[in-house]
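Summary of the model geometry
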Amino acid sequence: MSLKEKLLSSFIAFENQISMESNLMANLRGEAIKVFENEGFPTKKNEDWKYTSLTKVLKEDFSVFANTENTVEYKDVQPYFIHDIDSYKIVFVDGQYASHLSKTTHEAIDICLMSSALNKPKYQAVIENYFNKIAQKNGLNALNTAFCHEGAYIHIKRNKLSDRPIQIIHFSTGKETAMLLQPRNLIVVDENAQVQIIERHQSLSENPTLTNSVTEIFAGKRAVIDYYKVQNDKSEASLIDNTFIEQHKESNVAVHTFSFGGKLTRNNLNFYQKGQRIDSTLKGVTIIGNKQHVDHNTLVHHIQPNCESHQDYKGIFGDSAVGVFNGKVVVEKEAQKTNAFQANNNLLVNDKATINTKPQLEIFADDVKCSHGCTIGQLDENAMFYLRARGIPEREAKALLMYAFANNVLESVKIPQLKNRVNKLIAQKLGVNIGFDL
Amino acid sequence: MLEIKNIHAQIDEKSILKGINLDIKAGEVHAIMGPNGSGKSTLASVIAGKEEYEIEQGSILFDGKDIGELSVEERAHQGVFLSFQYPVEIPGVTVTNFIKTALNETRKAKGLEDMPASEMLKRIREKSELLEIDRKFLSRSLNEGFSGGEKKRNEIFQMAMLEPKLAILDETDSGLDIDALRIVANGVNKLKTKDNAVLVITHYQRLLDYIVPDFVHVLYDGKIVKSGGKELAFELEEKGYDWIKKEVNQR
């Protein structure tokens, strides 16, 4: 039985399990499973999936529902938290909420669980307004909608500021031989409100996991959101991250994606600008080796005038690693005075590594500034000579140059402890101790 | 200290150095002058060990040992320092962190522990004062957005920190205004001892007013065609290089 067939037949059992939900949800799920039934998983025939194949990943015999008893101790997972900051935490283990690892709140801001939001009447209005409104109606998102039951629900109300960052962490224990996880996050940041979020998916064993995550984010008027995705998973963990962001007037949203691990990682990151003077930032650092595969598929949809978008993705690819960058920028006819920038710079540090990079600009307005640039290169020999002539050995010199190459993406990280952590991950990833704390 | 014997070097099958002999003893300052394209920077790179150059013939001895087979960093660890004509920008790595890394890697190669932080700070303070470098400068990214003068001052600062036996200054005067030139030269002079040596590579005589050489060599078409005392530099400044070229071509 294929995974698709397995999922379709599991759906009936799942529906019974969640019979407490509203009619709204029952209808959404019913529609969604039909979409999934029609579309299934994307294949390479789909233009957006030309360079990324799910075929191998989908061959695993995934469990669709985890054993609810699976649990982990804080001491065993502590390294995966940014633990030197005071933060709210929403933590899941094999898709189930882990209250002993979490710290939530309901004081002026709601930082809690999607399952509560879907079941409790007090959240009904927000769910009706925002849930499944901007997620594209394709097979993967529909699959998530059909089966999702847990994830983070964050609502920062008007003029409020989350007093500390929020960490959303999804652990998978590997107690099932292979696990399919489908977290669903909803983040609503009202007018003038602000929040910083760090998201991580982490498997704790070498058993295969596949995560098909959907996150919808709404930024109200003048809202400010900083979102950080830390992707440094184990060698058998694959992630399809589907993130949709709707921005309103004068809001500012930045998403940083740090991709250092995992087997296959696909980031579908979509921005929709629905007001004037909006700022959208999409930045990423990818450093992978072995046979790892990271695919960034971005969309910025400029709908209104006087908005900006800034994209800057850096990639370092070693061994037989494969990178994909497909950055689409659409500027509608009404979106005059748009400033849209896109850069994708790559270093190939091995002859067998591959990068596929494809900017896609669709511009219908005539008074705009749009630029894009892709580069693929190797380490500069003169720079290597310079460092080595100062006594820095070849290996360390390479690492320093790679660090320098990726560094400017970190400048806009607003949480110093996170920046520090990412720096350390980069140093670790580059396999060196370069003599000072990066 | 440095004995170069009949060095022939080529890059991409093109001969650049065609039999160079040079003998530099501890305590000496040598200058190599010559027209553009004569091979001056190649000679500097070959001594420092740049791998793009292929040594066809000859040998380079440093403190009596053949360093021809040593890597770039191994030569640096032995005490060879090259001040670059075009120092490279390294964003995200501060001047301080860079020089700490360089110094401690050199110590590691010699089997020494990292320099204690207090000693490191003290040395950084002393040497940055010598080069009139202020504290803010040290926390900037290496060479990123530096003016020509700042880059060269930073090169000599690194030299001061690393205390090499042989310092090769490749066109250190290019892009310097007179004040920066004075500071850089003053730094080099103060670092000079009877145990180390300096090789100044320059197109113009200007720098040699400040760093006074014991010997001047003229490089032309990959060979040293004339050697003399510091007065040779004045002669070149006055007459240009054409008379040298003529003299060589008449031979």
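Residues numbered from 1 in each chain as written. Chains lettered and ligands numbered in written order. Predicted model: local features only at pLDDT ≥ 70, side-chain atom pairs only at ≥ 80, totals over all residues.

Once that is clear, we can look at the sheet that holds strand S10 (residues 224-231) of chain A. All names here are of chain A. Strand order in the open sheet made by the ten strands is S2-S1-S5-S8-S10-S12-S14-S16-S18-S20, with mixed pairing throughout. Looking at strand neighbours, the two that pair on one side only are strand S2 (96-97) and strand S20 (369-377), the edges of this open sheet. Note that strand S12 (residues 252-259) and strand S14 (residues 279-288) share eight bridges and pair parallel. Its bridge partner lying in S14, Val253 is registered against Ser280. (Pairing = 2+ DSSP bridges. Helix = DSSP H or I, 4+ residues; strand = E, 2+ residues; numbered from the N terminus.)

Turning our attention to the interface of chain B and chain A. On the side of chain A, 20 residues touch chain B, which itself brings 23 residues to the contact. Taken together, the elements giving at least two residues each to the side of chain B that touches chain A come down to helix H2 (72-78), strand S7 (90-94) and helix H3 (95-109) of chain B. Residue composition of the side of chain B that touches chain A, by class: twelve nonpolar, seven polar and four charged. (Contact = placed C-beta atoms within 7 Å. Nonpolar A, V, L, I, M, F, W, Y, C, P; charged D, E, K, R; others polar.)

Here the focus is the domain arrangement of chain A. Residues and elements named next belong to chain A. For chain A, the assigned domains are domain 1 (3-394) and domain 2 (395-438). On a C-alpha basis, the centroid separation for the pair domain 1 and domain 2 is 23 Å. Taken together, the 30 residues of domain 1 in the interface contact 22 residues of domain 2. Elements with a minimum of two residues in the side of domain 1 that touches domain 2: strand S8 (194-203), S10, S12, S14, strand S16 (308-317) and helix H8 (381-389). Of the residues belonging to the side of domain 1 that touches domain 2, the class tally is 18 nonpolar, five polar and seven charged. (Domains from an automatic or database assignment.)

Successive residues of a regular strand alternate their side chains across the two faces of the sheet. All names here are of chain B. Of the pairings in the sheet, the one linking strand S1 (residues 2-11) to strand S4 (residues 54-62) comprises seven bridges and is antiparallel in character. Bridge pairing links Ile4 to Ile60 in S4. Note: S4 against strand S5 (residues 65-66), two bridges, orientation antiparallel. Residue pairing for S5: Leu61 is matched across the bridge by Asp66. Where S4 folds back on S5, the antiparallel hairpin that results is connected by two residues, among which Asp63 adopts a positive phi of roughly 50°.

Right, let's get into the sheet that holds S5 of chain B. Reading across from one edge, S2-S1-S4-S5 (chain B) is the order of the four strands in this open sheet, with antiparallel pairing throughout. Because the sheet does not close on itself, it has two edges, and the strands there are strand S2 (14-24) and S5 of chain B.

As a further point, take the confidence of the model for chain B. All names here are of chain B. On average, residues of chain B score 92 in pLDDT, and 100% of them are at 70 or above. At the low end of the mean pLDDT range in chain B sits helix H9 (residues 242-250), at 83; at the high end sits strand S6 (residues 80-83), at 97. This prediction of the complex comes with two scores: 0.86 for pTM and 0.95 for ipTM. (pLDDT = per-residue confidence, 0-100.)

Even without being a glycine, Asn132 of chain A presents a positive backbone phi close to 60°. Along the chain, Asn132 of chain A turns up in the loop between helix H6 (124-130) and helix H7 (139-147). Unusually for a residue other than glycine, Asp221 of chain B sits at a positive phi of about 50°. One can find Asp221 of chain B in the loop between strand S11 (215-220) and strand S12 (223-228). We classify Asp221 of chain B as partly exposed; it has 17 C-beta atoms within 10 Å. (Buried ≥ 20, exposed ≤ 12 C-beta atoms within 10 Å, placed from the backbone.)

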